[in-house]
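Each chain, letter by letter, is given below.
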Amino acid sequence: MRVTIYGCGYVGLVTGACLAHVGNRVLMVDVDAERVARLRRGELPIYEPGLDDLVAEAAAGGRIAFTTDADEAVAHAEVQFIAVGTPPDEDGSADLRHVLEVARTIAERMDGYRLIVNKSTVPVGTADRVRETVREVLAARGLELDFDVISNPEFLKEGAAVEDFMKPDRIIVGCEREDSAERMRELYAPFNRNHDRLLVMDTRSAELTKYAANAMLATKISFMNELANLAERVGADIERVRVGIGSDPRIGYHFIYPGCGYGGSCFPKDVKALIRTAEEAGHDARILRAVDGVNERQKRRLFEKIRDHFGGRLAGRTLALWGLAFKPNTDDMREAPSRTLMEALWAAGARVRAHDPVAMAEARRLYGGRDDLVLCADPMEALEGADALAVVTEWHLFRSPDFDAVKARLRRPVIFDGRNLYDPARLAALGFTYYGIGRGT
Ligand code: UGA
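Going by what an unreviewed UniProt entry lists, the protein chain is known as UDP-glucose 6-dehydrogenase and is assigned to Inmirania thermothiophila. UniProt's Catalytic activity (unreviewed entry) comment on the protein chain is quoted here verbatim: "UDP-alpha-D-glucose + 2 NAD(+) + H2O = UDP-alpha-D-glucuronate + 2 NADH + 3 H(+)". Quoted verbatim from the Pathway (unreviewed entry) heading of the UniProt record, the comment on the protein chain is "Nucleotide-sugar biosynthesis; UDP-alpha-D-glucuronate biosynthesis; UDP-alpha-D-glucuronate from UDP-alpha-D-glucose: step 1/1."

Next comes the structure, spelled out in structure tokens:
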């Protein structure tokens, strides 16, 4: 099948590369000429395991190409995916400017049937707005062409996106027309093997499903962080509680890890956007507001522990930070707890020495030039002369360090473990002062 995808960002590139991998002819479109030029040279704007190989292989086979040319994009295929960004507006609602811009781009140029598939994360009702936009432009052109607009939200996890696309838990297709559903069945057939994972529903339910999934996962995390804070006050260990409740299959072990808060480009944005959607619909989404509030508070927990340990005197101190990305296997630092921590430390007059296995360039882009941040090429180097270590991201590399070497480099053997990676008893035996999340300390 021929497919056009607007947006060479995270979702667009993964979708395009995977669809090309199974034999489709994919044209990727972006308004950013610099980005397109780099992609043509094989340089990806994001770090995602396995993606560069897929793109290179598809490009070599002539199954994926990159363009800024809208005429070529609309002419290339009947199936047109929208995978552009929906950044949060000032009030937290999703900004649909780019999505509607693509709708206009298509409508201004189409000369026959087109199936417009929305993959961007968009509020309920967006497919209707896209449909309306296309209809208006076509009417202005004096044309009556057949088209459909459907919702096909993505459920990719950063760091595992290729795997998630190739072996999806579910493929959600929100549409009202049988021929549109059929086309999606055909396109997704290579990824929909063994048992049928493709769920067809109305567009509004599909749009809400995307937000509901992320909001439910964020709720699990905030719930556990709430209990972690309680565990600290009552002298319980949240890690024991986690295992204790996870063994009930109705609760499950997934996504109940307490920590220093959720970050990334999805959970914080999507929870806020869903709160806005609820407000607009005249509904007070109390649980969602609490989920968001608990997370904002949790992102400050590590700083509070550090501040309290040093009796509020942080000026002139140096903190070593392990982990800058919002989670392992990505260089993404959007809404990362590391940023909340660093910014609070700097505001209190402390300095930071940080290491991350892949997010160093991103950290340089965000904070380069600050003299209170030293980016260190190696985790051990980050410890040199620091007053304590704070672990913010659970990279494998940080799971089992040589604690004697850690101790030798730190000025004081103090560890703030924002992801509960270490055994408190073992660290105490090694002479460390240890602070975890929700572990009675
Ligand atoms: C999330 C969802 O997991 C995907 O299913 C969804 O497709 C994606 O958003 C999206 O909407 O695009 P992602 O943001 O890549 O994926 O990252 P997650 O692995 O979900 O982690 C989110 C945050 O929650 C991270 O900061 C992580 O450290 C934190 N987390 C996760 C916890 O604090 N505890 C947990 O138990 C799990």
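A. Structural context of the site of the ligand. Near the ligand there are 20 residues, and of these E158, Y257, Y262, G264 and C266 occur at the shortest range. Its residues assigned to classes, the shell around the ligand comprises 11 nonpolar, 5 polar and 4 charged. Residue-level mapping places the shell around the ligand at the junction of two domains, with at least three residues from each of domain 1 (2-200) and domain 2 (211-297).

B. Representation of the pairing of strand 9 (residues 318-322) in the model. Buried residues dominate strand 9, accounting for 5 of its 5 residues. Because side chains alternate across strand 9, one face comprises the buried residues T318, A320 and W322, and the other comprises L319 and L321, equally buried. Relative to strand 10 (residues 351-355), strand 9 runs parallel, the two sharing 5 bridges. Bridging from a neighbouring strand, L319 pairs with V352 of strand 10. What joins strand 9 to strand 10 is helix 14 (residues 337-347), and the crossover it makes is right-handed. Sheet analysis places strand 9 next to strand 12 (residues 388-391), joined by 4 bridges and oriented parallel. Note on strand 12: the bridge partner recorded for A320 is L389.

C. Quick peek at the sheet that holds strand 9. The strand order 11-10-9-12-13-14 describes an open sheet built from 6 strands, whose pairing is parallel. Two strands close off the open sheet at either side, each with one partner strand: strand 11 (373-375) and strand 14 (433-435). Ignoring strand direction, the axes of neighbouring strands in this sheet form an average angle of 20°. Pairing of strand 12 with strand 13 (residues 414-417), which is carried by 3 bridges, proceeds in the parallel orientation. Following the sheet pairing, A390 is matched in strand 13 by F416.

D. Main features of the UniProt feature "binding site: substrate" (unreviewed entry) in the protein chain. Per the UniProt entry, the sites bearing "binding site: substrate" (unreviewed entry) are F155, L156, K157, E158, K210, F255, I256, Y257, P258, G259, G263 and K327 in this numbering. Spanning 173 residues, the named residues are also spread out in space, since their farthest C-alpha pair is 24.0 Å apart. In this fold, I256 is placed in the loop between helix 10 (238-246) and helix 11 (267-280). What makes I256 partly exposed here is the crowd of 18 C-beta atoms within 10 Å. Considering the arrangement of structural elements, one finds G263 in the loop between helix 10 and helix 11. Contacts of G263, omitting those with residues within four sequence positions, involve P268, F326, R334, E335, A336 and P337.

E. The arrangement of the UniProt feature "binding site: NAD(+)" (unreviewed entry) in the protein chain in detail. What UniProt calls "binding site: NAD(+)" (unreviewed entry) maps, in this numbering, to D30, R35, T86, T121, E158, K269 and R334. In summary, the annotated positions, distributed over 305 residues, remain apart in three dimensions as well, the widest C-alpha pair reaching 24.4 Å. Examined against the element boundaries, D30 turns out to sit in the loop between strand 2 (25-29) and helix 2 (33-40). When near neighbours in sequence (up to four residues on either side) are disregarded, D30 contacts G7, C8, R35, V36 and T68. Along the polypeptide, T121 turns up in the loop between strand 5 (114-118) and helix 6 (126-140). What T121 contacts, discounting residues up to four positions off in sequence, is T86, A94, P153, K210 and D270.

F. Structural view of the environment of R204. Within the secondary structure, R204 sits in helix 9 (residues 203-234). When the C-alpha positions of R204 and T126 are compared, they lie 8.4 Å apart, and in sequence the two are 78 residues distant. Residues within four places of R204 in sequence aside, it is in contact with V124 and G125.

G. Spatial organisation of the domain arrangement of the protein chain. Assigned domains within the protein chain: domain 1 (2-200), domain 2 (211-297) and domain 3 (299-435). Computed over C-alpha atoms, the centres of domain 2 and domain 3 are 24 Å apart. Between domain 2 and domain 3, the contact holds 12 residues from the first and 15 residues from the second. In terms of residues, the side of domain 2 that touches domain 3 owes the most to one element, helix 12 (residues 286-298), which gives 3 residues. Class assignment of the residues belonging to the side of domain 2 that touches domain 3 gives a composition of 3 nonpolar, 6 polar and 3 charged.

Thresholds, definitions, all that
- Residues numbered from 1 in each chain as written.
- Predicted model: local features only at pLDDT ≥ 70, side-chain atom pairs only at ≥ 80, totals over all residues.
- UniProt positions renumbered as here; feature names shortened; annotations may be inferred.
- Near = placed C-beta within 6 Å.
- Nonpolar A, V, L, I, M, F, W, Y, C, P; charged D, E, K, R; others polar.
- Domains from an automatic or database assignment.
- Buried ≥ 20, exposed ≤ 12 C-beta atoms within 10 Å, placed from the backbone.
- Helix = DSSP H or I, 4+ residues; strand = E, 2+ residues; numbered from the N terminus.
- Pairing = 2+ DSSP bridges.
- Right-handed = clockwise from strand over helix to strand, strands pointing away.
- Axes fitted to C-alpha atoms, helices over the stretch in contact; angles between N-to-C directions.
- Contact = placed C-beta atoms within 7 Å.

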